[in-house]
Amino acid sequence: DIQMTQSPSSLSASVGDRVTITCRASQSISSYLNWYQQKPGKAPNLLIYAASSLQSGVPPRFSGSGSGTDFTLTISSLQPEDFATYYCQQSYSTPRTFGQGTKVAIK
Amino acid sequence: QVQLQESGPGLVKPSQTLSLNCTVSGGSVSSGSYYWSWIRQPAGKGLEWIGRIYTSGSTNYNPSLKSRVTISVDTSENQFSLKLSSVTAADTAVYYCARVNYGGNGREIDYWGQGTLVTVSS
């Protein structure tokens, strides 16, 4: 199985801050990397697919980059509705695997 | 707008079989470029991929669960199903059904069900 490791596991930030979350794969996954946002009690919601493509309807303050083993999710200016947990997921091979999640909390 | 809705018992006894259905509306399980997955999430923990099924009926399962999992599709009812046998307390989780778009570059999960909590307890 491909292991996905996110860092940090949690962070505190203020509204307006630039936030960066990193995801590392245990082997190369090309650009088969997706990012999801999950709020408490809700299903995850797709933000970024194929490492850098913004899902329709997602605000452009979200962006993704990377390829191979190292990937980044950036929120350019954190908004109140962005406080949530973020997961990366590899779609290169089965079993699909997720990172452990990064919880973004209010400072 | 595609919607997915999980249904099934919320309480299952240890050693029995967990059975869930996912009904798809606003789209067809027979649509090309999509396949259908189950994912679960224990309380306060991360996401675990259970498996997937193509419209053709072809399946792939997580090796950690493979011996206990069966995913099937019923095109006439526009739904797909999950069966997990010999459950234990470790199978207690919120179970999500999901659609995966494999027609593009990401093979991403673009629609999720709301999730259903299944508790394994006697």
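Rules used throughout
Residues numbered from 1 in each chain as written. Chains lettered and ligands numbered in written order. Predicted model: local features only at pLDDT ≥ 70, side-chain atom pairs only at ≥ 80, totals over all residues. Heavy atoms only, no water. Helix = DSSP H or I, 4+ residues; strand = E, 2+ residues; numbered from the N terminus. Buried < 20%, exposed > 50% of the residue type's maximum accessible area, 1.4 Å probe, protein only. Lys, Arg positive; Asp, Glu negative; His and termini not counted. Salt bridge = Lys/Arg side-chain N within 4 Å of Asp/Glu carboxyl O. Contact = heavy atoms within 4.5 Å. Disulfide = S-S within 2.5 Å. Buried area = accessible area lost by both parts, 1.4 Å probe. Polar contact = N/O pair within 3.5 Å; in protein donor to acceptor, adjacent residues only side chain to side chain.

### Topic: the side chain of B:R52
Mapped onto the elements of the fold, B:R52 is located in strand β5 (residues 48–53). Buried charged residue B:R52 carries no salt bridge. Nearest counter-charge: B:E108, at 11 Å. If we ignore the near neighbours within four places in the chain, the residues touching B:R52 are A:T94, A:R96, B:Y35, B:W36, B:S37, B:S58, B:T59, B:N60 and B:I71.

### Some points on unusual backbone geometry
All names here are of chain A. In this structure, the amide linkage connecting S7 to the following residue, P8, adopts the cis form with an omega of -5°. Of note, P8 is situated in the loop between β1 (4–7) and β2 (10–13). In this chain, T94 is followed by P95 through a cis amide linkage whose omega measures 0°. Take P95: it is sitting in the loop between β9 (85–90) and β10 (97–98). For S30, which is not a glycine, the phi torsion comes out positive at approximately 55°. Along the chain, the position of S30 falls in the loop between β3 (19–25) and β4 (33–38). Positioned with a positive phi, A50 is a non-glycine residue whose angle comes to about 50°. Counting through the fold element by element, A50 comes out in the loop between β5 (45–49) and β6 (53–54).

### Digging into the state of the cysteines
Simply put, disulfide is the name for a covalent bond between the sulfur atoms of two cysteines. Residues and elements named next belong to chain A. Across all of its chains, the model carries 2 disulfides over all chains by this definition. Bridging C23 to C88, the disulfide has an S-S length of 2.1 Å. With the S-S dihedral at roughly 70°, the linkage between C23 and C88 falls on the right-handed side. Here C23 is found in strand β3, whereas its partner C88 is found in strand β9, with 65 residues between them in sequence. Accessibility classification places C23 together with C88 in one group, the buried group.

### Some words on the interface of chain B and chain A
The interface of chain B with chain A comprises 21 residues on the first partner and 19 residues on the second. Where chain B abuts chain A, roughly 1700 Å² becomes buried across the two surfaces, and 57% of that area is made up of carbon and sulfur atoms. Of all residues in chain B, B:L47, B:W49 and B:R107 give up the largest surface area on contact with chain A, accounting jointly for 34% of the area buried on that side. If you look at where chain B meets chain A, you find 0 salt bridges. At the boundary of chain B and chain A, one finds 11 residue pairs in polar contact (both at pLDDT 80 or more). Of all the secondary-structure elements, those providing two or more residues to the side of chain B that touches chain A are β4 (34–41), β5 and β10 (108–112) of chain B.

Interpretation note: all reported values are geometric properties and have no functional meaning in isolation.
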